[in-house]
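Chain by chain, the residues:
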Amino acid sequence: MYQSQISSLLESYEDTTLKAKRAYMDGFIEEASAYYKEACEISTRLLSFPTISNETLKRCVDACANCFDFCNNPEDDEQNEYLDSVSSMLTEIVAGHHESTMRMAALEAYADIARLSYLVAKCCRSEKAKSVISDFYQCWNRYSPSLVCFH
């Protein structure tokens, strides 16, 4: 049932990312930024399905990194909303009813998001990024003792 929706979102993600790369290479920075943000939103929606994969987690981390690298005005804390959204989704996966290996993979993806958030917090003094880091530490402290052994 979900597979057709997932396939459609994956196609949309790939198409949007390609458009973003083309726009950026052609010097259309605002357009590229909008596409990268859209790709990040799509990757976050993919995390909401009951069946996720390591590729979905990697795609989400990559989308956040693209937003950080290519989107405009990272000093505007509203621009860092993508970190908060992804953080919430990853927390749900780690705390959820997925297999332990998938929960651990989500915790590792969350660590990548926390590292990215650290860079945003350091260079832009983003309160949202600082919140993501704090939330990650809470999640790590709570769930890593039971998940690390499965890795």
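It should be noted that the structure appears before, not after, this text.
Rules of the game
- Residues numbered from 1 in each chain as written.
- Predicted model: local features only at pLDDT ≥ 70, side-chain atom pairs only at ≥ 80, totals over all residues.
- Heavy atoms only, no water.
- Helix = DSSP H or I, 4+ residues; strand = E, 2+ residues; numbered from the N terminus.
- Rg over C-alpha atoms; globule rule 2.2 N^0.38 Å.
- Contact = heavy atoms within 4.5 Å.
- Core = buried A, V, L, I, M, F, W, Y, C linked by side-chain atoms within 4.5 Å.
- Buried < 20%, exposed > 50% of the residue type's maximum accessible area, 1.4 Å probe, protein only.
- Phe/Tyr/Trp six-rings, centres within 6.5 Å; stacked < 30°, edge-to-face > 60°.

Peer 1: What is the right way to read the overall build of the protein from this model?
Peer 2: The secondary structure content of the protein amounts to six helices and zero strands. Listing the helices and strands of the protein from first to last along the sequence gives α-α-α-α-α-α. What you see for the protein is a C-alpha radius of gyration of 15 Å, in line with the 15 Å of a compact globule of 151 residues. Counted over contacts in the protein with a minimum sequence separation of 6, partners at least 24 positions apart contribute 66%.

Peer 1: I keep staring at the nonpolar core and nothing clicks. Help me out?
Peer 2: Soluble globular proteins tend to pack their nonpolar side chains together in the buried interior. Core analysis: the largest hydrophobic core is formed by 49 residues, its most contacted members being Leu 57, Leu 83, Leu 90 and Ile 113. The set of elements that each furnish at least two residues to this core consists of helix H1 (2–25), helix H2 (29–47), helix H3 (54–70), helix H4 (81–95), helix H5 (100–124) and helix H6 (127–147). Looking at this core, the element that brings in the most residues is H5, giving 14 residues. Not counting chain neighbours up to four residues away, the residues in contact with Leu 83 comprise Ile 113, Leu 116, Ser 117, Val 120, Ala 129 and Val 132.

Peer 1: Just checking my understanding: could you explain the packing of aromatic side chains for this structure?
Peer 2: Any two aromatic rings considered together are summarised by their centre-to-centre distance and by the angle between their planes. Counting across every chain of the model gives six aromatic pairs. With a centroid separation of 5.6 Å and an interplanar angle of 75°, the aromatic rings of Tyr 2 and Phe 49 are classed as edge-to-face. Note that Tyr 2 is positioned in helix H1 and Phe 49 in the loop between H2 and H3, a separation of 47 residues in sequence. On the accessibility criterion, Tyr 2 (37% relative accessible area) is partly exposed. Taken together, the aromatic side chains of Tyr 110, Phe 136, Tyr 137 and Trp 140 make up a single cluster linked through ring pairs.

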